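Here's the letter readout for the chains.
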Amino acid sequence: MKIIDITKELFSTSPFPGDPAPSMKLEKTLEKDGYNLTVFSACAHNSTHIDAPCHFVSGGSTAADIELDKCVGKCVVTDNIGSAIEYAERGEKRILLKNVNVTPTQAERLASRILLLGIEGESFGSDSAPGAVHRTLLGAGVVLLENLDLSAARCGEYFLFALPLKMKGSDGSPVRAVLIEE
C-alpha cells in the first residue's frame, strides 16, 4: 500500500484572489510557558479544501453536514474531461481531475452521476462564470474538492480520504486529502 498526499500546504499556498491569506502565531512557548500553543487564522477555502453547498446554494448545507461517505472511497484520477464523463456514466462516483477544469455543460453531465469531483485549480469554473459550475454541482449534492496537488498521482484508480473538519455553519472546510494506491 502506498499513501499519496494530495494536499497543498496551508500557509505556503497562495490564497484565491481576494481571499485572506492564512496566518499563524506561536501564542505560548516551551521556554516561557512550558508548552507550545499555535493560534492560526484561515479562510475556509485556503489551500486544499471542500466547498459546502451553502457556498453557492441558498439554503444549502454546511461543511459539518457533508456526508462523509462521499469523501471516502474508490476514486479515479484522470487528465481528460471526456474520460471523466465516461467514468461517471460507467458508475464511478469520485473523480479527480489533473490539469482540467469543468465547464457548465460538463458539470450538468456529471451532476446526477457522481458524489465528489476534485480539481487541482483554486476553483471550479471559469473566471467569466465562476458560480455556474458550483451551483450545478453543489445543487446536485456533489462534494467539490479544490486546490489539490496531483503531481505524484498517475491517472488510474485509488482509494480517497478527504474529510472536512466539522465546522457548523461554514461554507467550506480545509481537508487533508490522500490517495491510497494498492
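First, a word on what this report is: a plain description of the structure on this page. Here the structure is a predicted model, which means the values were calculated and not measured. (Residues numbered from 1 in each chain as written. Predicted model: local features only at pLDDT ≥ 70, side-chain atom pairs only at ≥ 80, totals over all residues. Heavy atoms only, no water.)

Considerations on helix H4 (residues 130-139)
Next, step 1: Those residues of H4 not exposed but buried are Gly-131, Val-133, His-134, Leu-137 and Leu-138. Projected down its long axis, H4 carries its buried residues within an arc of 160°, all on one side.
Next, step 2: Looking at the buried positions of H4, the neighbouring elements they touch are strand S4 (49-51), helix H3 (104-111), strand S7 (116-119) and strand S8 (143-146).
Next, step 3: With its phi angle positive at about 85°, Gly-141 sits one or two positions after the end of H4. (Buried < 20%, exposed > 50% of the residue type's maximum accessible area, 1.4 Å probe, protein only. Helix = DSSP H or I, 4+ residues; strand = E, 2+ residues; numbered from the N terminus. Arc of directions from axis to C-beta. Contact = heavy atoms within 4.5 Å.)

Remarks on the pattern of salt bridges
Next, step 1: Tallying each qualifying case throughout the model produces six salt bridges.
Next, step 2: A salt bridge links Lys-25 to Glu-27; the shortest N-O distance between them is 3.5 Å.
Next, step 3: What makes Lys-25 exposed here is its relative accessible area of 51%.
Next, step 4: For Glu-27, a relative accessible area of 39% puts it in the partly exposed group.
Next, step 5: Arg-109 is paired through a salt bridge with Glu-89; the nearest N and O atoms lie 3.0 Å apart. Residue Arg-109 is found in helix H3, and its partner Glu-89 is found in helix H2 (residues 81-89); the two are separated by 20 residues along the sequence.
Next, step 6: Exposure remark for Arg-109: the relative accessible area of 41% places this residue in the partly exposed category.
Next, step 7: The class for Glu-89 is partly exposed, based on a relative accessible area of 42%. (Salt bridge = Lys/Arg side-chain N within 4 Å of Asp/Glu carboxyl O.)

Looking at a nonpolar patch on the surface
Next, step 1: The grouping of Leu-30, Tyr-35, Leu-37 and Val-39 at the surface amounts to a nonpolar patch, some 350 Å² of accessible area in total.
Next, step 2: One can find Val-39 in strand S3 (residues 37-41). (Patch = residues over 30% accessible without salt bridge, like charges linked within 9 Å, V, L, I, M, F, W, Y side chains within 5 Å. Areas by Shrake-Rupley, 256 points an atom, 1.4 Å probe, with all protein chains shown as cover.)

Quick word on the packing of H2 against H3
Next, step 1: At a minimum axis distance of 9 Å, the contact between H2 and H3 shows a crossing angle of 20°. Of the possible angle classes, the one that applies to H2 and H3 is roughly parallel. In the packing of H2 onto H3, the handedness of the crossing is left-handed. Counting all contacts with H2, which are made through Ile-81, Ala-84, Ile-85, Ala-88 and Glu-89, the residues of H3 involved are Gln-106, Arg-109 and Leu-110.
Next, step 2: Among the residues forming the contact of H2 with H3, the class breakdown is five nonpolar, one polar and two charged. (Axes fitted to C-alpha atoms, helices over the stretch in contact; angles between N-to-C directions. Parallel < 35°, antiparallel > 145°, perpendicular 65-115°, else oblique. Left-handed = near helix turned anticlockwise from the far one by under 90°. Nonpolar A, V, L, I, M, F, W, Y, C, P; charged D, E, K, R; others polar.)

Focus on the pairing of strand S10 (residues 172-181)
Next, step 1: Across the 10 residues of S10, eight count as buried, placing the element largely inside the fold.
Next, step 2: Judged from the six bridges that link them, strand S9 (residues 156-164) and S10 form a sheet pairing that is antiparallel. Following the sheet pairing, Leu-163 is matched in S10 by Arg-176. (Pairing = 2+ DSSP bridges.)

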